[in-house]
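Structural overview for review
What follows is the residue order along each chain.
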Amino acid sequence: MTQIPIINVHESKPVAAGNVITFNIPSYQTIDDIQLRFTNSGAPATAANVKSSIGKVALNINGEQIINTPITRLYDIYAFLGQEVSQVGNPSNVISLCVGKLLFKNPQYEKLFAIGCQNVQTIQLQIYVNGTVTAVTDVEVSTERRNFISSSTSLVKVISYPQTMTSTGISTVDTLPRDSNDGYLFVLANNGGGVIADGECILNGNSLIDPIALNVADYIASARGFAAVSGYFPYLFADGTISGVVPMQGVTELRFKTNFSTAPTGGNYDLCAVTIKNLPQIMLNAALA
């Protein structure tokens with residue numbers, strides 16, 4: 001069956017300080033991507049102004065959280081993707097909410113990550129505007145679709161989990177979700193204004209990532225086609241292939257140990273987890289591709 005790409009522009013809404021902007025995205029066909037476009041009185045808004053004006057972005061499908069992270073994290077994830085992996089470059093005023101298709105070196109896998117709308121009733125997007133807005137007046141939502149009916153919804157989730165760390169030393173977190181249907185691609189530990197010296201990841205009592213210095217972690221990311229991003233320690237499992245993922249089936253312990261040589265400003269930092277939803281379906285589809 002021919003699956004012609006269709007691009008639909010849905011709605012534009014004004015950006016006002018302190019507001020929560022809600023979009024209800026129509027559910028039909030198969031959605032490959034959702035884009036946000038920020039403008040300033042019709043002209044493209046700058047990335048710097050978008051980052052300073054927009055706070056959190058939250059995307060829910062059938063009530064399930066798919067994206068819940070500051071928009072600055074989305075921009076930084078694009079920077080982390082580098083060039084070999086995504087071939088997209090750093091966005092300015094247009095940013096995608098479906099980053100899954102940008103994480104792989106083989107373009108054949110792009111269409112594995114999509115929202116099949118057959119069993120999707122609601123797609124709600126909320127944009128939280130900061131108290132001060134600079135040169136950002138409007139935001140528009142558009143989607144890229146195929147005229148194809150599917151019940152498969154395998155997406156990449158991007159969710160930030162706030163953490164507390166008021167001193168130097170190791171912050172241990174073993175509370176990130178371990179849904180048996182999901183798999184971890186990477187977790188970016190934001191330093192919160194402090195300095196991360198090294199990081200370690202333990203899976204079911206075994207070392208998945210030995211304690212490694214930040215510059216080693218950055219080198220490994222770069223060698224795999226990703227890119228070092230200032231302010232983050234990358235717990236990276238992805239390698240640009242469909243097998244570069246840590247499945248959560250049977251996992252009872254997933255522990256991240258982030259070592260701060262300088263404490264985060266205000267005692268807070270976050271772990272931004274990038275995971276695959278419905279991993280078994282993705283792996284099956286990849287085998288059949």
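Our structure is the block above this text.
Residues numbered from 1 in each chain as written. Predicted model: local features only at pLDDT ≥ 70, side-chain atom pairs only at ≥ 80, totals over all residues. Heavy atoms only, no water.

**Quick look at the pairing of strand 16 (residues 206–213)**
Selection rule: Note on pairing: DSSP must find at least two bridges between two strands before they are called paired. Every helix listed is a DSSP run of H or I at least four residues long, and every strand listed is a run of E at least two residues long, numbered separately from the N terminus.
Across five bridges, strand 15 (residues 195–203) lies against strand 16 in antiparallel orientation. Bridge pairing in strand 16 places aspartate 198 opposite alanine 213. Taken together, strand 15 and the strand that follows it, strand 16, pair antiparallel across an intervening segment of two residues, in which asparagine 204 is found at a positive phi of about 50°.

**A short note on the sheet that holds strand 15**
Put simply, the test is: Here an axis means a line fitted to C-alpha atoms, over the contact stretch when the element is a helix, while the angle between two N-to-C directions is reported on a 0 to 180 degree scale. Between two residues, a contact is recorded if the distance between any of their heavy atoms is within 4.5 Å.
In spatial order, the strands read 13-19-15-16; together these four strands make up an open sheet with antiparallel pairing. Bordering the open sheet on either side are strand 13 (169–173) and strand 16, each of which pairs with just one other strand. In this sheet, neighbouring strand axes are inclined to one another by 15° on average, regardless of whether the strands run parallel or antiparallel. Docked against the sheet, helix 3 (residues 214–223) engages strand 15 and strand 16, running at close to 110° with respect to strand 16.

**Thoughts on the pattern of salt bridges**
Test applied: Put simply, a salt bridge is a Lys or Arg side-chain nitrogen that is within 4 Å of an Asp or Glu carboxyl oxygen. Here's how the labels work: a residue is buried when its accessible area is under 20% of the maximum for its type, exposed when over 50%, partly exposed in between, all with a 1.4 Å probe on protein chains only.
Inspection of every chain in the model, using the stated rule, returns 10 salt bridges. Between arginine 146 and aspartate 32 there is a salt bridge, with its nearest N and O atoms 2.8 Å apart. One end of the pair, arginine 146, is in strand 10 (residues 138–146); the other, aspartate 32, is in strand 3 (residues 30–40), with 114 residues separating them in the sequence. Since its relative accessible area comes to 6%, arginine 146 is described here as buried. In this structure, arginine 37 and glutamate 140 form a salt bridge, with 3.1 Å as the shortest nitrogen-oxygen distance. Taken together, the residues arginine 37 in strand 3 and glutamate 140 in strand 10 connect sequence positions 103 residues apart. By relative accessible area, which is 18% here, glutamate 140 ends up buried. One salt-bridge network, in which partners are shared between bridges, spans Glu64, Lys157, Asp182 and Lys277.

**Focus: the side chain of aspartate 182**
Within the secondary structure layout, aspartate 182 lies in the loop between strand 13 and strand 14 (183–190). When residues no more than four places from it in sequence are discounted, the contact partners of aspartate 182 are Lys157, Val246, Pro247, Met248, Ile276, Lys277, Asn278 and Leu279.

**Describing helix 2 (residues 71–80)**
Of all 10 residues making up helix 2, eight are buried, and the element is well covered by its neighbours. Along helix 2, the residues classified as buried are Ile71, Arg73, Leu74, Tyr75, Asp76, Ile77, Tyr78 and Phe80. Residue glycine 82 follows helix 2 closely and has a positive phi angle near 70°.

**Observations regarding the side chain of aspartate 32**
In this structure aspartate 32 comes out as buried when scored by relative accessible area, which is 6%. In contact with aspartate 32, other than residues within four places in its own chain, are Cys98, Lys101, Phe113, Ala114, Glu144, Arg145 and Arg146.

**Overview of the environment of proline 5**
Within the secondary structure, proline 5 is located in strand 1 (residues 5–14). In the structure, proline 5 is positioned 139 residues away from glutamate 144 in sequence and 6.7 Å away in space, judged by C-alpha atoms. With near-sequence residues (within four places) excluded, proline 5 lies in contact with Glu144 and Arg145.

**A short note on helix 3**
The criterion, for reference: Directions pointing from the helix axis toward each C-beta atom define the arc.
Regarding helix 3, the residues found buried are Ala217, Asp218 and Ala221. Buried residues of helix 3, viewed axially, fall in a sector of 100°; they line one side. Seen from the buried face of helix 3, the exposed residues on the opposite side, beyond 90 degrees, are Asn215, Tyr219 and Ala223. If you follow the buried residues of helix 3, they end up packed against helix 2, strand 16 and strand 17 (232–236).

**A closer look at the environment of glycine 131**
Mapped onto the elements, glycine 131 comes out in the loop between strand 9 (123–129) and strand 10. Placed 92 residues apart in sequence, glycine 131 and threonine 39 show a C-alpha to C-alpha distance of 18 Å.

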